[in-house]
Amino acid sequence: MRGWLLGYVAAGFVFGVLGHYYLYRVGLPIVPFIYQAF
Amino acid sequence: MVDWRSRLRALAVGAAVGFGGCSVAGHLVPETMEPFTRFHFFVSPDTDYYPTVRSAWNMALGRADRNKTMVIVGGSSVLYGIGQVSGKSFADFLGRELGDRYIVINLAMRGGDVVGMAMFIAEALKANGYDVVYMADVFASGLNPLGENPHYTYMYWQYRTETFYQPWGPREAYADRQAFTEKQFAQRLNAVLRFNNLWNYLGYKYFFTVFSRYAPQFWRPRDQYADNEHDWPPGGNYVNINRSASLAIVNSMAKAPTESEWEQVTASWLETVPDSLKPTTFLVLCRKTPYVTKLMSPEAQAELAGIYAEAPLRGSRVGMHAVDPCRDFDADDYVDTTHLSSLGAQKFAREMAPMIKMLGGGK
């Protein structure tokens, strides 16, 4: 059971790192549009 | 089996640790741009490398010396040194002419202008007590306080979030009037999450993550790429020049601004360069090659000469040194319409060095 959870933690960690990289590579181009819409 | 709530919680914990760990690392990485020559092709946005202001700042601080005068070269490809191999560029010659009481750092960028990395570093060094001379190239046209090239405006927004940032009222007022953009938002976010800093650091030092067709073996860390600017071979200058297009360009420049246009131009100079930097700033007007300008009509040549004569007067009225150091250059001093050859760069450095020394620096 602990092994399973550690697997999920590890998968989450990879997503976290990829999310950080996504901000560097792509950014959040949608935000200014949302800002202007409101 | 583990229930889905525990799985989600484990996933969220892992994601938070991964994302948060990267952000913390981004704050802590010892960014620098050493070994640095200038913003050559492989350490500039041309090949998807967007240098962070902090990396340039750390590099400049590493080279700075309080007992010497720092000469920060900014501006466009002219001062960057297209057509001049590393070691024989304008900045290299200038360093040799000035001697060991000066430190010259070339932070000019192709397609850049007065505002940019170089000016931000210069004003921050000045505020930190260093003796600084700043120089960048201009023509008799207005300046955008945030920089004209949209590929480089991220630098301003990034600089604004840094600890070494020096506010300059007119520029910040201009920036605050601009529409909200993603660049602005992304840099605010980066100030907290430091994604640009972390991934740039890794890309510079360990492995680059973005494919670029112009960078062979794109994954190689950018500090391993050499400055690939090269000297034109003898007789190689002007080979690819389109004479009629070049003539059209210089003819379009030969229209002297009216008095009100001059006022607009100098007002933009006034609000672009911070007051702290103005007394030691050189705005350089480097002339185009005589290879092309000699094809102009005598009237157009006279009009252009008038602009070069007027600009220094206008610069001095706003507290800066606008100079015209390429007056007597000939065709061999250029590699194309605009850019100097190594020969021209050496002449240019010989013209500029005494003017820089006259400011009384060189402790």
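Scoring rules and cut-offs
Residues numbered from 1 in each chain as written. Chains lettered and ligands numbered in written order. Predicted model: local features only at pLDDT ≥ 70, side-chain atom pairs only at ≥ 80, totals over all residues. Heavy atoms only, no water. Salt bridge = Lys/Arg side-chain N within 4 Å of Asp/Glu carboxyl O. Helix = DSSP H or I, 4+ residues; strand = E, 2+ residues; numbered from the N terminus. Buried < 20%, exposed > 50% of the residue type's maximum accessible area, 1.4 Å probe, protein only. Pairing = 2+ DSSP bridges. 1 Å grid on protein atoms, 1.4 Å probe; cavity = no way out; pocket = protein on both sides within 12 Å on 5 of 7 lines; lining within 4 Å. Points joined across faces, edges and corners; volume = space filled by probe spheres on them. Nonpolar A, V, L, I, M, F, W, Y, C, P; charged D, E, K, R; others polar.

(A) Examining the pattern of salt bridges more closely. Residues and elements named next belong to chain B. With the rule as written, the count across this model stands at 17 salt bridges over all chains. The partner of Lys88 in a salt bridge is Asp231, and the shortest N-O contact between them spans 3.2 Å. Here Asp231 lies in the loop between helix H9 (195–205) and helix H10 (243–253) and Lys88 lies in the loop between helix H3 (77–80) and helix H4 (90–98), a separation of 143 residues in the sequence. Of the charged contacts, one joins Arg287 and Asp324 as a salt bridge, the two residues approaching to 2.7 Å between their closest N and O atoms. Residue Arg287 is found in the loop between strand E4 (281–284) and helix H12 (290–293), and its partner Asp324 is found in the loop between strand E5 (321–323) and helix H14 (342–358); the two are separated by 37 residues along the sequence. Taken individually, Arg287 and Asp324 each receive the classification buried, so the pair is uniform in this respect. Because the salt bridges share partners, they merge into one network encompassing Glu123, Arg160, Arg171, Glu172 and Asp176.

(B) Molecular detail of the pairing of strand E1 (residues 69–73) of chain B. Residues and elements named next belong to chain B. By the criterion of burial, E1 is predominantly enclosed, with five of the five residues buried. Burial of the side chains of E1 extends over both faces: Thr69, Val71 and Val73 are buried on one face and Met70 and Ile72 on the other. Across five bridges, E1 lies against strand E2 (residues 102–106) in parallel orientation. Considered in E2, the bridge of Ile72 is made with Ile105.

(C) Up close: the layout of surface pockets. Of the volumes computed, that of the largest pocket is approximately 500 Å³. Together, 19 residues line the largest pocket, and Tyr24 of chain A together with Tyr50, Tyr154, Gln187 and Asn196 of chain B are the ones closest to its centre. Broken down by secondary-structure element, the contributors of at least two residues to the lining of the largest pocket are helix H1 (2–25) of chain A together with helix H6 (153–159), helix H8 (182–193) and H9 of chain B. Its residues assigned to classes, the lining of the largest pocket comprises eight nonpolar, seven polar and four charged. Here the second largest pocket is characterised by a volume of approximately 410 Å³. Around the second largest pocket sit 21 residues that line it, and Ser76, Gly112, Asp137, Val138 and Phe139 of chain B are the ones nearest its centre. Here the residues of the lining of the second largest pocket sort into nine nonpolar, eight polar and four charged.

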